[in-house]
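Okay, here's what each chain looks like letter by letter:
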Amino acid sequence: MGGIETERELSVYESMAARFDVAARKLHLDEGLTRYLRCPNREIIVHIPVEMDDGSVEVFDGYRVQHSIARGPCKGGVRYSPNVTLDEIRGLAAEMTWKCAIVNIPFGGAKGGVACDPEKLSRGELERITRRYTAEILDYIGPERDVPAPDMNTDEQIMAWMMDTYSMHVRHTVTASVTGKPIDLGGSRGRREATGRGCMICCDQALKRFGKPVESTRVIVQGFGNVGSQAARLMHRAGYKITGVSDIHGGVFNARGLDIPSLLDHVSESKSVTDFPGGEPVDGAEFLELDCDVLIPAATESVIHSRNASRIKARILVEGANSPTTPPADDILFDRGVFVIPDILANAGGVTVSYFEWVQDRQGYYWSESDVNEKLRTIQVAAFNDVVRYGEKHAVNNRIAGYMLAIDRVAFALKLRGIYA
Ligand code: NAD
């Protein structure tokens, strides 16, 4: 891998469970509820046979884990990656439950994935994998049950194929069956930028707390996909100085600030940030340790771990990716006074606008982009303040505060509903 060093000190599920246990203990959550919330409602494993372009048949492993429906239908992305495992999807599904509760939207959490390498697949093969995966999990998804969305290596086109496959099976068009669709198929304005925009809104709020102006704030962004490129684009436009960005092939750095619009043009031609003439190349391993004020990991999990956490220079960490920091690294960052905006808060803009998309599709009435952005800002600022105040009140860091607040809300819904027997 030309990119970053990752270290699985704990698996994604183990990291989630370790944080959950700390938060549940601090909440004095009763033992039965702790057992209930620690594990998912349902785990689906499918084996997807696909005819490849050369006529051979391959079988891909696919997963959908539904963690909780306590507060509403499940919601969560689908990722395509060679490294996808059930454990990872299980951890991310639970994180979706906590994320939806933090931004207080009426969804539970789910996550899906297919173990495949999209870089090695043709468009036709990707479409066949997507349609068969959707067909295999069809009985368990839908607007009232579980609503998939894009995640790593999945995009609007893949969501369009999922929506079409679902609709063909139920014999009518159901735009609310998935989110993150193209706008012409019931997608929401502002969804593409939503996760990056949410990261920026959180960062703005953190700077406000520290009385630091945007213009003198240097930002490093790891990952230049949906989340990273949009965060960099919006923050550059808002006056932040984006000094470094990277992708799986390597990084680029300019102490005076990168010209992000030119970099976006470069990436749309060359498909990578490397070789951008407006900065110097940086090795993936050193990238996270570059001097900066704000670090936004927006690539993949477990990139900040016990071996590099003490070398991170940023004073504010905005977790665009899911689970980028391991629990041992959390402790190191906390001791060093780094202000961590945890993933379940920082990257919740995506699921928030996915919720808006689901609402619009169900109403058949579409909102303007400024309406969407304004509603997102209101929710994201409220969630930021809720988490930070909760942390201050209970003397815990932002990560544990986020978990406590979310678990409290989900447990309250479960208590009201009771356990169906
Ligand atoms: P993406 O596939 O669009 O982009 C991922 C980027 O990270 C690419 O630039 C890729 O080159 C880079 N990358 C991947 N592995 C890397 C590695 N090992 N080293 C360096 N760079 C690497 O994915 P995305 O949708 O932007 O998602 C990124 C992260 O954000 C994931 O953790 C995802 O779960 C999380 N997330 C995404 C959304 C969303 O709306 N897309 C919402 C919430 C959270």
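Higher on the page you've got the structure.
Keep in mind it's a predicted model, so treat the numbers as computed, not measured.

## Points about the overall build of the protein
Part 1: Counting secondary structure elements, the protein contains 14 helices and 12 strands.
Part 2: The C-alpha radius of gyration of the protein comes to 20 Å, within 12% of the 22 Å expected for a compact globule of 421 residues.
Part 3: In terms of principal-axis extent, the alpha carbons of the protein reach across some 55 × 55 × 40 Å.
Part 4: Within the protein, the proportion of its 421 residues that are buried is 61%.
Part 5: Residue pairs in contact within the protein that sit at least 24 positions apart in sequence constitute 69% of those at least 6 positions apart.
Part 6: Carbon and sulfur atoms provide 50% of the accessible area of the protein, an area that totals close to 17200 Å².
Part 7: Seen as two clouds, the 49 positive and the 57 negative side-chain charges of the protein have centres 6 Å apart.

## A short note on the packing of helix α1 (residues 12-27) against helix α14 (residues 398-417)
Part 1: Running from N to C, α1 and α14 cross one another at 70 degrees; their axes reach a closest spacing of 9 Å. When the axis of α1 is compared with that of α14, the two are roughly perpendicular. Once α1 is placed against α14, the crossing between them reads as right-handed. On α14, the residues that touch M16, R19, F20, V22, A23, A24, K26 and L27 of α1 are R399, I400, Y403, M404, I407 and D408.

## A few points about the nonpolar core
Part 1: Ranked by internal contacts, the top residues of the largest apolar core, which has 86 residues, are W98, V245 and I341.
Part 2: When residues of this core are assigned to their parent elements, the largest contribution, 11 residues, is made by α14.
Part 3: For this core, the domains that each give at least three residues are domain 1 (42-177) and domain 2 (194-346).
Part 4: Setting aside residues up to four positions removed in sequence, V245 forms contacts with V221, F224, G251, V252, L258, I260, L263, V273 and F287.

Cut-offs used in this document
Residues numbered from 1 in each chain as written. Predicted model: local features only at pLDDT ≥ 70, side-chain atom pairs only at ≥ 80, totals over all residues. Heavy atoms only, no water. Helix = DSSP H or I, 4+ residues; strand = E, 2+ residues; numbered from the N terminus. Rg over C-alpha atoms; globule rule 2.2 N^0.38 Å. Buried < 20%, exposed > 50% of the residue type's maximum accessible area, 1.4 Å probe, protein only. Contact = heavy atoms within 4.5 Å. Areas by Shrake-Rupley, 256 points an atom, 1.4 Å probe, with all protein chains shown as cover. Lys, Arg positive; Asp, Glu negative; His and termini not counted. Charge placed at Lys NZ, Arg CZ, Asp CG, Glu CD. Axes fitted to C-alpha atoms, helices over the stretch in contact; angles between N-to-C directions. Parallel < 35°, antiparallel > 145°, perpendicular 65-115°, else oblique. Left-handed = near helix turned anticlockwise from the far one by under 90°. Core = buried A, V, L, I, M, F, W, Y, C linked by side-chain atoms within 4.5 Å. Domains from an automatic or database assignment.

This is a description of form; function is not addressed.
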